[in-house]
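# What the coordinates show
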Amino acid sequence: MTQSVTHPITARWPAETPEKLQLYSYPTPNGVKVSIALEEMGLDYEAHLVTLADADVKSPEFLALNPNNKIPAIIDPNGPEGEQIELFESGAILIYLAEKTGKFLSKDPKTRYETIQWLMFQMGGVGPMFGQLGFFYKFAGAAMEDPTARDRYINESKRLLNVLEQRLEGRDWIVGDYSIADMALAPWINGLEFYGAKEVLGYHDLKNVPAYVERFYARPAVAKAINIPPRPE
């Protein structure tokens, strides 16, 4: 039986089609992971723009869905055993969607855990370190005279890129076939352009990583998903 979404968040972001999976997000590297997965998996969903402003992410309605006040989050009214499920944390959402659809997460146990391993590499390493790099290289932290923090995140980001460069030697994708690990990693690598940090990281001296990102963004579902939900004009 098809269920309809019921949640306090709908008071601020009403569901036009409450039978669909509801996405609450903004097109950042973390946000587009989920829109990319939804497009790649062919799931029917409705996207709601949740800006990064406190008025949105710290609103009582959003906090009722994600007490950690971060995008993305989803509500699937037709979750496991037909019950509504509410999820935050992009890695958890990717695993859930892959299991729901049976796509982009291998059923072979070895490959499955390898894929989750690289997803966790993004969640625990690439995302946080690249994010801090952005803060200390482009945003408020760039004004600090002491270079210690900036140098730390430049060096750590270089190290992580080198891990990926080695991993991608002789591979099109991180783990065999295209997977949720790629959906998590490639948007964060691509975000280095926004931070203006490619030169300082020696990005253009790499061979495998740039080719990987180009391959990823050539996928039609990715091209569609990178601005879902659309940024405000």
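Description of the structure in this document. (Residues numbered from 1 in each chain as written. Predicted model: local features only at pLDDT ≥ 70, side-chain atom pairs only at ≥ 80, totals over all residues. Heavy atoms only, no water.)

## Focus: the overall build of the protein chain
Filter applied, for reference: Only DSSP runs of H or I with at least four residues qualify as helices, and only runs of E with at least two residues qualify as strands; both kinds are numbered from the N terminus onward. Two things to know: the radius of gyration comes from C-alpha atoms, and the globule rule equals 2.2 Å times the number of residues to the power 0.38. Burial status follows relative accessibility: with a 1.4 Å probe on protein chains alone, a residue under 20% of its type maximum counts as buried, one over 50% as exposed, and anything between as partly exposed. Contacts are residue-level and defined by heavy atoms, with any inter-residue pair within 4.5 Å sufficient. Methods summary: accessible areas were calculated by the Shrake-Rupley approach with a probe of 1.4 Å, and residue burial reflects only the protein chains presented.
Helix and strand counts for the protein chain stand at 10 helices and four strands. Seen in sequence order, the protein chain has helices and strands lined up from the N terminus as β-α-β-α-α-β-β-α-α-α-α-α-α-α. The C-alpha atoms of the protein chain give 18 Å as radius of gyration, which agrees with the globular expectation for 233 residues (17 Å, within 12%). For the protein chain, the spread of C-alpha atoms along the principal axes amounts to about 55 × 45 × 30 Å. Taking all 233 residues of the protein chain together, 48% fall into the buried category. The long-range share in the protein chain, meaning contacts at least 24 apart out of those at least 6 apart in sequence, stands at 67%. Of the roughly 11200 Å² of accessible surface on the protein chain, 52% is carried by carbon and sulfur atoms.

## Comments concerning the nonpolar core
The cut-off we apply is this: Definition of nonpolar core: a set of buried residues of the types Ala, Val, Leu, Ile, Met, Phe, Trp, Tyr and Cys, connected through side-chain atoms within 4.5 Å.
One finds Ile74, Leu97, Leu161, Leu164, Ile174, Ile180 and Tyr212 to be the most contacted residues of the largest nonpolar core, which totals 59 residues. Ranked by size, the runner-up nonpolar core spans 12 residues in total, among them Val5, Val50, Val57 and Ala73.

## Here we look at the sheet that holds strand S1 (residues 21–25)
Note the following rule: Here, strands pair whenever DSSP counts at least two bridges between them. Orientation is described by axes fitted as lines to C-alpha atoms, over the contacting stretch for helices, and by angles from 0 to 180 degrees between their N-to-C directions.
On the basis of which strands lie adjacent, the open sheet formed by four strands has the order S2-S1-S3-S4 and mixed pairing. Strands with a single pairing partner mark the edges of an open sheet, and in this sheet they are strand S2 (45–49) and strand S4 (85–88). Put simply, the sheet's adjacent strands are angled 15 degrees from each other on average, direction ignored. Sheet topology note: the strand S3 (residues 73–76)/S4 ladder contains four bridges and is antiparallel. Looking at S4, one finds that Ala73 is bridged to Phe88. Strands in contact with helix H1 (residues 29–41) are S1, S2 and S3; relative to S1, the strand with the most contacts, it is inclined by about 155 degrees. Along the sheet, helix H4 (residues 90–101) contacts S1, S3 and S4; its crossing angle with S4, the most-contacted strand, is approximately 135 degrees.

## So, the packing of aromatic side chains
When we look at a pair of aromatic rings, we describe it by the centre distance and by the angle of the planes. Put simply, the rule reads: Classification of ring pairs uses Phe, Tyr and Trp, with its six-membered ring standing for Trp, and accepts pairs whose centres are within 6.5 Å; under 30 degrees between planes counts as stacked, over 60 as edge-to-face, and the remaining range as tilted.
Considering all chains together, one arrives at 12 aromatic pairs under this definition. Aromatic side chains Phe104 and Tyr178 sit 5.5 Å apart centroid to centroid with 85 degrees between the ring planes, which places their arrangement in the edge-to-face category. Of the two residues, Phe104 is situated in the loop between H4 and helix H5 (109–137) and Tyr178 in the loop between helix H6 (148–167) and helix H7 (180–194); the sequence distance between them amounts to 74 residues. On the basis of relative accessible area, Tyr178 is assigned to the buried category, the value being 8%. Ring geometry for Tyr178 versus Phe216: centroids 6.2 Å apart, planes at 45 degrees, classification tilted. Here the residue Tyr178 occupies a position in the loop between H6 and H7, and Phe216 occupies one in helix H9 (residues 208–217), the gap between them amounting to 38 residues.

## With respect to a nonpolar patch on the surface
Basically, it comes down to this: Any residue with relative accessible area above 30% and no salt bridge may belong to a patch, with like charges joined within 9 Å and the nonpolar Val, Leu, Ile, Met, Phe, Trp and Tyr side chains within 5 Å. The salt bridge criterion pairs a side-chain nitrogen of Lys or Arg with a carboxyl oxygen of Asp or Glu, the two atoms within 4 Å.
A cluster of nonpolar side chains, Phe135, Phe139 and Phe194, forms an exposed patch at the surface whose accessible area comes to about 310 Å². Looking at where Phe135 falls in the secondary structure, it is placed in helix H5.

## Quick word on the packing of H5 against H6
Convention followed: Roughly parallel means an angle under 35 degrees; roughly antiparallel means over 145; roughly perpendicular covers 65 to 115; every other angle is labelled oblique. We call a crossing left-handed when the near helix sits turned anticlockwise from the far one by less than a right angle, and right-handed when that turn is clockwise. Note that Gly is not counted as nonpolar here; it falls among the polar residues with everything else outside the nonpolar set of Ala, Val, Leu, Ile, Met, Phe, Trp, Tyr, Cys and Pro and the charged set of Asp, Glu, Lys and Arg.
Contact geometry for H5 and H6: axes closest at 9 Å, N-to-C directions at 150 degrees. Comparing their axes, H6 and H5 come out roughly antiparallel. Between H5 and H6 lies a crossing of left-handed hand. Contact with H5, carried on its side by Glu114, Trp118, Phe121, Gly125, Val126, Met129, Phe130, Gln132, Leu133, Phe136 and Tyr137, involves Ala149, Arg150, Tyr153, Ile154, Glu156, Ser157, Leu160, Leu161, Val163, Leu164 and Arg167 of H6 and no other residues of that element. Considering only residue class, the contact of H5 with H6 consists of 15 nonpolar, three polar and four charged.

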